[in-house]
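As a plain string of letters, each chain reads:
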Amino acid sequence: MSKNEFICDCNIIHQDVVDKALKQMPDEDSFNKIAEFFKILGDTTRTKILFALDENEMCVCDIANVLGMSKSSISHQLGTLRRMGIVKCRRQGKEVYYMLDDEHVKYVFEIAMEHIEHKK
């Protein structure tokens, strides 16, 4: 495969395609939020937490045991995930249980896992 194989050598602008892309383009704020969402998921500890929460509602102690980490470090990561709207929690007595925020987060995470598994 030559180095230049993936470079377009044409000088033609396909205006209909360009116009369609521009018309559908979200605003800058949306792109910033999407980038921040993926940046938050770009941390291995946070993705492990999401994996643990994908099928289970768990308290900090449970997640800490699954990941072999301190409750403090898990709490810190859960705080980040909660502020970004990726996980939510509910209190039951003295215990706080965490879960994925909604089906969108679950879907994005599961699709990413499927993509990675498919590429192995």
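Residues numbered from 1 in each chain as written. Predicted model: local features only at pLDDT ≥ 70, side-chain atom pairs only at ≥ 80, totals over all residues. Heavy atoms only, no water.

### Looking at the pairing of strand S3 (residues 95–100)
What counts here: When DSSP locates at least two bridges between a pair of strands, those strands are taken to pair. By definition, any uninterrupted DSSP run of H or I lasting at least four residues is a helix, any uninterrupted run of E lasting at least two residues is a strand, and each is numbered from the N terminus.
Sheet topology places strand S1 (residues 58–59) next to S3; two bridges connect them, and they run antiparallel. Bridged to methionine 58 within S3 is tyrosine 98. Where strand S2 (residues 87–92) lies against S3, six bridges are found, and the strand directions are antiparallel. Residue glutamine 92 lies in a different strand from S3, and its bridge partner there is glutamate 95. Taking the residues between adjacent antiparallel strands as the criterion, S2 and S3 are bridged by two residues, where glycine 93 takes a positive phi near 65°.

### Quick look at the pattern of salt bridges
What counts here: Take a side-chain nitrogen of Lys or Arg and a carboxyl oxygen of Asp or Glu: if they are within 4 Å of each other, that pair is a salt bridge. Remark: exposure states derive from per-residue accessible area (1.4 Å probe, protein chains only) relative to the maximum for the residue type, with buried under 20%, exposed over 50%, and partly exposed in between.
Applying the stated criterion to the full structure yields seven salt bridges. Among the salt bridges present, the one from lysine 33 reaches aspartate 29, with a minimum N-O distance of 3.2 Å. Here the residue lysine 33 and the residue aspartate 29 both occupy positions in helix H2 (residues 28–41), the gap between them amounting to four residues, near one helical turn. The exposure class assigned to aspartate 29 is partly exposed, which follows from its relative accessible area of 42%.

### Considerations on a nonpolar patch on the surface
Here is the rule: The patches described consist of residues with a relative accessible area above 30% and no salt bridge, like charges being joined within 9 Å and nonpolar side chains (Val, Leu, Ile, Met, Phe, Trp, Tyr) within 5 Å. The method behind every accessible area is Shrake-Rupley, applied with a 1.4 Å probe, and residues are considered shielded solely by the protein chains displayed.
On the surface, Ile13, Val18, Leu22, Met25, Phe31, Ile34 and Phe38 cluster together into a nonpolar patch covering about 680 Å² of accessible area. Within the residue set of the nonpolar patch, elements represented by two or more residues are helix H1 (15–24) and H2. Ranked by residue count, the leading element in the nonpolar patch is H2, at three residues. Note that valine 18 resides in helix H1. Of the residues examined, valine 18 reaches a relative accessible area of 35% and is grouped as partly exposed.

### A closer look at the sheet that holds S2
Let me state the cut-off plainly: Contacts are assigned to residue pairs that have any heavy atoms within 4.5 Å of one another. Note on geometry: axes are C-alpha line fits, over the in-contact stretch for helices, and angles between N-to-C directions span 0 to 180 degrees.
Taken in spatial order, the three strands line up as S1-S3-S2 in an open sheet, and their pairing is antiparallel. Every other strand in the sheet has two partners, leaving S1 and S2 as the edge strands with one partner each. Helix H5 (residues 71–83) rests against S2 and S3 of the sheet, and its axis sits at about 115° to S2.

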